[in-house]
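Now for the letters of each chain:
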Amino acid sequence: MVERTLAILKPDCVRRNLAGEVLARIEKAGFRILGMKMVKLTAETGGGFYAVHRGRPFFNDLVAFMSSGKCIPLALEKENAVADFRSLIGATDPKDAAPGTVRRDLASSKGENIVHGSDSPENGRIEIAFFFSERELIQNA
Ligand code: IDP
Ligand code: MG
């Protein structure tokens, strides 16, 4: 089934000039980019995006990291987008991620792990709507 998923190139990715490398991998894997923008989250908006993790021991560090620099959210579409994107990026901790995945190849730690990917089609829709209005999602260009 054609699905949508939200990716975020996190502040470590942008800061380390790896956005082009990760975008190339996303394009080569067959994802259509419906929307792309550059944003800087605040403690409030970053905390809102990751609200599901509020109360976890890593929450404060996560929010500080996500608001530490520019991010690039991407609205992506393809068959089986959610699972295929998570396969492309690998496990949360780069030490556990499979060889050839974005996180294994590029990420420095479990916290600073280069890229976000939605964990279900429903969350994909919710997370895309967090960053993009309907008219910013361009299907046929
Ligand atoms: P995911 O990004 O692979 O879906 P989640 O469990 O949803 O992983 O966690 C969201 C983000 O929170 C992770 O990508 C990572 O940046 C951070 N995080 C998760 N678990 C830890 C941890 O144990 N230590 C530090 N940061 C963590
Ligand atoms: Mg997650």
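In this report, we go over the structure that sits alongside the text.

### Quick notes on the packing of aromatic side chains
Within the structure shown, the criterion is met by five aromatic pairs. When the ring of Phe31 is compared with that of Phe85, the centres are 5.5 Å apart and the planes differ by 85 degrees; the resulting orientation is edge-to-face. In this pair, Phe31 is assigned in the loop between helix H2 (19-28) and strand S2 (32-36) and Phe85 in helix H5 (residues 81-89), connecting sequence segments 54 residues apart. Across the pair, exposure class does not vary: Phe31 and Phe85 are buried alike. A ring pair is formed by Phe49 and Phe131, whose centres lie 5.5 Å apart and whose planes are at 50 degrees; its orientation type is tilted. With Phe49 in helix H3 (residues 43-49) and Phe131 in helix H7 (residues 121-131), the pair connects residues that are 82 residues apart, well separated along the chain. Ring-pair connections join several aromatic residues into one group, and the members of that group are Phe49, Tyr50, Phe130 and Phe131. Across the ring face of Phe31, the terminal group of Lys78 is positioned such that the distance to the ring centre comes to 5.3 Å.

### Structural notes on the side chain of Ser118
Tracing the sequence through the fold places Ser118 in the loop between strand S4 (115-117) and H7. Here Ser118 is in contact with Thr5, Leu6, Val82, Arg86, Asn123, Gly124 and Glu127, once residues within four sequence places are set aside.

### Comments concerning the nonpolar core
With 22 residues, the main nonpolar core has Leu9, Val22, Ile26, Leu74, Phe85, Val102 and Ile114 as its most contacted residues. With residues near it in sequence (within four places) discarded, Ile114 still touches Ile8, Leu9, Lys10, Asp12, Cys13, Arg16, Leu18, Val22, Val102, Leu106 and Ala107. Core analysis: the next-biggest nonpolar cluster, separate from the first, contains 18 residues, Met66, Cys71, Ala75 and Ile128 among them.

### Quick word on the site of ligand 1
All residues adjacent to ligand 1 are Lys10, Tyr50, His53, Phe58, Leu62, Arg86, Thr92, Arg103, Lys110, Gly111 and Asn113. At 3.3 Å from an oxygen atom of ligand 1 is found a side-chain nitrogen or oxygen belonging to Lys110. One nitrogen or oxygen atom from the main chain of Gly111 is found 2.8 Å from an oxygen atom belonging to ligand 1. Taking 530 Å² as the accessible area of ligand 1 by itself, protein coverage stands at 78%. Within the shell around ligand 1, the residues separate by chemical class into three nonpolar, four polar and four charged.

Basis of the calculations
Positions within a chain are numbered from 1, following the residues in the order the chain's sequence is written. Written order determines the labels here, with chains lettered from A and ligands numbered from 1. Side-chain atom pairs in this predicted model are given and counted only at pLDDT of 80 or more, local residue features only at pLDDT of at least 70, and totals for whole chains, interfaces and linings cover all residues. Working from all heavy atoms in the structure, the side-chain values ignore hydrogens and water. Working definition: a ring pair exists when centres of Phe, Tyr or Trp rings (six-membered ring for Trp) sit within 6.5 Å. Plane angles under 30 degrees give stacked, over 60 give edge-to-face, the rest tilted. By the criteria applied, helices consist of DSSP H or I runs no shorter than four residues and strands consist of E runs no shorter than two, each listed in order from the N terminus. Note on classification: 1.4 Å probe, protein chains only; a residue is buried when its accessible area is under 20% of the maximum for its type, exposed when over 50%, partly exposed between these limits. As a reminder, the over-ring test applies to NZ of lysine and CZ of arginine, requiring each to be within 6 Å of the ring centre and within 35 degrees of the ring normal. Contact definition: two residues touch when any of their heavy atoms are within 4.5 Å. What makes a nonpolar core is a set of buried Ala, Val, Leu, Ile, Met, Phe, Trp, Tyr and Cys residues whose side-chain atoms join them at distances within 4.5 Å. Summary of the distance rule: residues count as near a molecule or strand when at least one heavy atom falls within 4 Å of that molecule or strand. The definition of a polar contact used here is a pair of N or O atoms within 3.5 Å, where within protein one atom must be able to donate a hydrogen and the other to accept one, and adjacent residues in sequence count solely through side-chain atom pairs. Note on areas: Shrake-Rupley, 1.4 Å probe, and residue coverage restricted to the protein chains presented here. Three categories are distinguished: nonpolar for Ala, Val, Leu, Ile, Met, Phe, Trp, Tyr, Cys and Pro, charged for Asp, Glu, Lys and Arg, and polar for the others, with Gly belonging to the last.

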